[in-house]
Amino acid sequence: NFIDLAQAYEIVFHKIPIDFVNQNWFLENLAKGEKEIYDKFKRISDVLLSSFLILLTSPLWTIIALLIKLNDKGPIFYKQERVGKDRKLFWIWKFRSMLVDAEKTGVKWAEKDDPRVTKVGKIIRKFHLDELPQMFNVLKSDISLVGPRPERPEFVQKLEKEIPHYHLRHLIKPGFTGWAQVTFAKYARNQKDSHEKFQYDLYYIKNRAIFLDVGILLKTFQLFFRKGQ
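Computed from a predicted model, the values in this text were never measured in an experiment.

Cut-offs used in this document
Residues numbered from 1 in each chain as written. Predicted model: local features only at pLDDT ≥ 70, side-chain atom pairs only at ≥ 80, totals over all residues. Heavy atoms only, no water. Helix = DSSP H or I, 4+ residues; strand = E, 2+ residues; numbered from the N terminus. Rg over C-alpha atoms; globule rule 2.2 N^0.38 Å. Buried < 20%, exposed > 50% of the residue type's maximum accessible area, 1.4 Å probe, protein only. Contact = heavy atoms within 4.5 Å. Areas by Shrake-Rupley, 256 points an atom, 1.4 Å probe, with all protein chains shown as cover. Lys, Arg positive; Asp, Glu negative; His and termini not counted. Charge placed at Lys NZ, Arg CZ, Asp CG, Glu CD. Patch = residues over 30% accessible without salt bridge, like charges linked within 9 Å, V, L, I, M, F, W, Y side chains within 5 Å. Salt bridge = Lys/Arg side-chain N within 4 Å of Asp/Glu carboxyl O. Polar contact = N/O pair within 3.5 Å; in protein donor to acceptor, adjacent residues only side chain to side chain. Phe/Tyr/Trp six-rings, centres within 6.5 Å; stacked < 30°, edge-to-face > 60°. Axes fitted to C-alpha atoms, helices over the stretch in contact; angles between N-to-C directions. Parallel < 35°, antiparallel > 145°, perpendicular 65-115°, else oblique. Left-handed = near helix turned anticlockwise from the far one by under 90°. Nonpolar A, V, L, I, M, F, W, Y, C, P; charged D, E, K, R; others polar.

Enquirer: Describe in detail the overall build of the chain, supporting the description with residues and values.
Expert: When helices and strands are counted, the chain shows 9 helices and 4 strands. Shown N-terminal to C-terminal, the secondary structure of the chain runs as helices and strands in the order α-α-α-β-β-α-α-β-α-β-α-α-α. Its C-alpha atoms give the chain a radius of gyration of 18 Å, near enough to 17 Å, the size a compact globule of 229 residues would have. Based on the C-alpha atoms only, the size of the chain along its principal axes is roughly 65 × 40 × 30 Å. Buried positions account for 45% of the 229 residues belonging to the chain. Expressed as a percentage of contacts within the chain between residues at least 6 apart in sequence, the contacts between residues at least 24 apart total 72%. When the accessible surface of the chain is split by element, carbon and sulfur atoms take 62% of a total near 13200 Å². A distance of 6 Å separates the average location of the 39 positive side-chain charges in the chain from that of its 27 negative side-chain charges.

Encoded structure:
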């Protein structure tokens, strides 16, 4: 049997080599129509699981809110504008983990050992607890539990110029977690990281299915007990 480079790369690395695929690849792999039954089942699962997670973690919300207030008396929550499906903009919510004036000089990539992160922020980031308010974004249908992580408009505008086919991330609803998050497993801090993550995102867009989603959610649950990177 003979297979092309893109197929071999996908089988071995579980990602799509975006620098080596042509227009025919997209026509053959991404133009098969929407997965209606899958999408309906996924939406029902999103509502049920996000509601369950809100109830399960509700005792932590009070503790986290109190710690943030005691730390610097600033706001408990933080919102950022993100790009969703079909380029629709929405606000994503998090527990605030950075200084109130963290972006007074403009939008910046997250850094390793970022000096803008507060003492409490380091703790909640370590266990990814700052992301919990996004369960309400899931309920609102801004995002799904699983999908490509939504990016900020400022970064999207830049990355679409630098990374081939980057706009295809917006074909489906973004996610609270995704294939790139459990495989690459660190924050994208530059264009190179975003290029690498997009290859995993494209793999997910092509191969998305219930069993893949379940596997991603189980791996995400494990990440909550690892140190944030």
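Enquirer: Before we move on, can you summarise a nonpolar patch on the surface with the specific residues and values?
Expert: A grouping of Ile3, Ile11, Val12 and Phe13 is seen on the molecular surface, where their side chains present a nonpolar patch of about 410 Å² in accessible area. For Ile3, the position within the fold is in the segment before helix 1 (5-13).

Enquirer: Requested: an account of the side chain of Glu10, with residues and values cited.
Expert: Here Glu10 is to be found in helix 1. Glu10 sits in the buried class, given a relative accessible area of 9%. Setting aside its immediate chain neighbours within four residues, Glu10 contacts Lys15, Ile16, Tyr203, Lys206 and Asn207.

Enquirer: So, the side chain of Ser97: which residues are in play, and what are the values?
Expert: Relative to the helices and strands, Ser97 is located in the loop between strand 2 (89-95) and helix 4 (119-126). Of note is the side chain of Ser97, whose polar atom sits 3.0 Å from the side chain of Arg125. Setting aside chain neighbours within four positions, we find Ser97 in contact with Arg116, Val117, Thr118, Gly121, Ile124, Arg125 and Asp130.

Enquirer: Quick one: what's the story with the packing of aromatic side chains, residue by residue and with numbers?
Expert: Considering all chains together, one arrives at 7 aromatic pairs under this definition. On the numbers, 5.1 Å between centres and 85° between planes, the contact of Trp25 with Phe26 is edge-to-face. Ring geometry for Tyr166 versus Phe198: centroids 5.3 Å apart, planes at 50°, classification tilted. With Tyr166 in the loop between helix 6 (153-162) and strand 4 (175-177) and Phe198 in helix 8 (residues 191-207), this pair connects stretches of sequence that are 32 residues apart.

Enquirer: Give me the lowdown on the pattern of salt bridges, citing residues and values where you can.
Expert: Counted according to the given criterion, the structure contains 11 salt bridges. Between Arg116 and Asp114 there is a salt bridge; the shortest N-O distance is 2.8 Å. A relative accessible area of 8% means that Arg116 is categorised as buried. Asp114 gets classed as buried once you look at its relative accessible area, which sits at 3%.

Enquirer: So what about the packing of helix 3 (residues 36-72) against helix 9 (residues 210-223)? Which residues, and what values?
Expert: Two elements in contact, helix 3 and helix 9, have axes whose closest approach is 11 Å; the angle formed by their N-to-C orientations is 25°. It follows from the interaxial angle that helix 3 and helix 9 lie roughly parallel. Where helix 3 crosses over helix 9, the handedness of that crossing is right-handed. Every residue of helix 9 that contacts helix 3 at Tyr38, Phe41, Lys42 and Leu49 is listed here: Ile210, Asp213 and Leu217. Its residues assigned to classes, the contact of helix 3 with helix 9 shows 5 nonpolar, no polar and 2 charged.

Enquirer: Explain the environment of Leu30 residue by residue, including any values.
Expert: Relative to the elements of secondary structure, Leu30 occurs in the loop between helix 2 (23-29) and helix 3. Among all residues touching Leu30, those that are not within four sequence positions of it are Trp25, Leu168, Leu171, Leu202, Ile205 and Lys206.

Enquirer: Report on the packing of helix 1 against helix 8, specifying residues and quantitative values.
Expert: Contact geometry for helix 1 and helix 8: axes closest at 12 Å, N-to-C directions at 95°. One way to sum up the angle between helix 1 and helix 8 is to call them roughly perpendicular. Along its contact with helix 1, which presents Tyr9, Glu10 and Phe13, the element helix 8 presents Gln199, Tyr200, Tyr203, Lys206 and Asn207. When its residues are assigned to classes, the contact of helix 1 with helix 8 shows 4 nonpolar, 2 polar and 2 charged.

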